[in-house]
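Working through the structure, step by step
What follows is each chain in one-letter form.
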Amino acid sequence: MSQKDAGVSPARTALRHDWTREQIRGIYRQPLPDLLYSAQKAHREFHDPRRVQFCRLLSIKTGGCPEDCTYCPQSAHYTTEVSRGGLLPVDEVVEFAERARSEGATRFCMGAAWRQVQDGEDFENILKMVSRVARLGMEVCCSLGMLDDSQAGRLADAGLTAYNHNLDTSPEFYGQIITTRNYDDRLRTLASVRKAGVTVCCGGIIGLGESEGDRIGLLHQLSSLDPHPESVPINALVRVAGTPLEHLDALDPLVFVRTIATARILMPASMVRLSAGRKALSREAVALCFVAGANSLFIGEKLLTTPNPEPDDDAAMLQSLGLEPLPLQ
Ligand code: SAM
Ligand code: DTB
Ligand code: SF4
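Described in the following lines is the structure provided in the data block. (Residues numbered from 1 in each chain as written. Chains lettered and ligands numbered in written order. Predicted model: local features only at pLDDT ≥ 70, side-chain atom pairs only at ≥ 80, totals over all residues. Heavy atoms only, no water.)

1. Here's the deal with the pattern of salt bridges
For clarity, the threshold we go by: Put simply, a salt bridge is a Lys or Arg side-chain nitrogen that is within 4 Å of an Asp or Glu carboxyl oxygen. In this text, helices come from DSSP runs of H or I with a minimum length of four residues, and strands from runs of E with a minimum of two, each type numbered from the N-terminal end. Partly exposed residues are those whose accessible area sits between 20% and 50% of the maximum for their type, while under 20% is buried and over 50% is exposed, using a 1.4 Å probe and protein chains only.
With the rule as written, the count across this model stands at 19 salt bridges. Between Glu172 and Arg21 there is a salt bridge whose closest N-O contact spans 3.0 Å. With Glu172 in helix H6 (residues 171–177) and Arg21 in helix H1 (residues 21–28), this pair connects stretches of sequence that are 151 residues apart. A relative accessible area of 27% means that Arg21 is categorised as partly exposed. The partner of Arg283 in a salt bridge is Glu284, with the nearest N and O atoms 3.4 Å apart. The exposure class of Glu284 is partly exposed, given its relative accessible area of 46%.

Now the structure itself:
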């Protein structure tokens, strides 16, 4: 009797954390149809290919960040149109999350333009935001910069689902993008998040002027994490006026698609999130991202500080692709 006949579902492909850069390069460089076929197989083994999770972002503390991330409009090192603000009031944030829930979002991510979390009134208020959004029945994610074990533990106790902290690019290229912190700082925060029992949201940005080897290096770092990040946001650089990366060439959408497909194959059980930069992609490029195994997108007309596609356009796009929102699991 086959496994299926016996009512036992066939064993899923085991997750691997020992991919080599050479193996990853082999996957990434396949002819596109082969790459997409492998990504689809991985995707369908672990996820429903007809469903995408809707997430909503909110910048709860905007601008004036002491870090010098060259892609970021919120860095105090560059002059951009982003105006600085203090931490938003708790009630305002919870009302925003409620609205996002009514628009179909099941995950709410609060971002702050901080180098690191500091204990004090702002952090106490963030803990209140986390527990109140968790009580709405949504997944709650924060992206607040570096944190330590005790802060991660307090966020976990407040009901945080996930902490977003990106590695952004390869360790070799990192120093050309950010000088005010290093890769090990990032890895330390990720370890604190893991230790606290909060799920890890960790990905990167494509289109920073990195080489193919850097994209492979990033994917190697992510897929070596054990466990894999449960959530892998793949951002396309949003080129913002006033940042040092403003004049870079536009990203080739197929490079983005290849990166998503490779992430899907390496980390098949993770949520691979089509994140920033969607506004600059055609509907057809977005369709390929979903074929490549992306299963989440940000809804709403704004990301943190930059524009996102209009909700009506997104509704039409999802309808044309036959995709539906993933209900809360
Ligand atoms: N300050 C915190 C930090 O850096 O971890 C949290 C907020 S920060 C805006 C979150 C992430 O947004 C960054 O790690 C980066 O990957 C992404 N990001 C920022 N600016 C971007 C841009 N212009 N294009 C694409 N992604 C961007
Ligand atoms: C992530 O990887 N992408 C989101 C979330 N994590 C916090 C942020 C994207 C920000 C894009 C630039 C902006 O809107 O300021
Ligand atoms: Fe600050 Fe985060 Fe922007 Fe870097 S990415 S400048 S840490 S807000």
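2. Focus: the packing of aromatic side chains
Note the threshold: A pair of aromatic rings is counted whenever rings of Phe, Tyr or Trp (Trp by its six-membered ring) have centres within 6.5 Å, and the orientation is called stacked for planes under 30 degrees apart, edge-to-face for over 60 and tilted otherwise. In our convention, an over-ring charge means Lys NZ or Arg CZ found within 6 Å of a ring centre and within 35 degrees of that ring's normal.
The full count for this structure, using the stated rule, is 2 aromatic pairs. With a centroid separation of 6.1 Å and 40° between ring planes, the pair formed by Phe96 and Phe108 is classed as tilted. Placement of Phe96 in helix H3 (residues 90–102) and of Phe108 in strand E2 (residues 107–112) is noted, with a sequence separation of 12 residues between them. On the accessibility criterion, Phe96 (16% relative accessible area) is buried. Ring centres 5.1 Å apart and planes at 90° place the aromatic pair Tyr174 and Tyr183 in the edge-to-face group. On the basis of relative accessibility, which here comes to 8%, the residue Tyr183 falls in the buried class. Of note, Arg16 hangs over the ring of Trp19, and the distance from its end group to the ring centre comes to 4.0 Å.

3. Focus on the site of ligand 3
To keep it simple, the criterion reads: Whether a residue is near a molecule or strand is decided by its heavy atoms; if any one of them lies within 4 Å of it, the residue is near. Amino acid classes used here: Ala, Val, Leu, Ile, Met, Phe, Trp, Tyr, Cys and Pro are nonpolar; Asp, Glu, Lys and Arg are charged; the rest, including Gly, are polar.
Around ligand 3, a shell composed of Cys65, Glu67, Cys69, Tyr71, Cys72, Ser75, Ala113, Trp114 and Arg181 is seen. Of the residues that constitute the shell around ligand 3, the class distribution is 6 nonpolar, 1 polar and 2 charged.

4. A closer look at the pairing of strand E1 (residues 51–61)
This is how it is decided: Whether two strands pair comes down to DSSP finding at least two bridges between them.
Here E1 lies mainly inside the structure; 10 of its 11 residues are buried. As judged from the 2 bridges shared by E1 and strand E10 (residues 324–325), these two strands associate in the parallel manner. Bridge pairing in E10 places Val52 opposite Pro325. Here E1 runs beside strand E9 (residues 296–298); their pairing, made up of 3 bridges, is parallel. Each bridged residue has a counterpart across the sheet, and for Gln53 the counterpart in E9 is Ser296. In the sheet, E1 pairs with E2 via 6 bridges, with the strands oriented parallel. Opposite Arg56, over in E2, you have Phe108 as the bridge partner.

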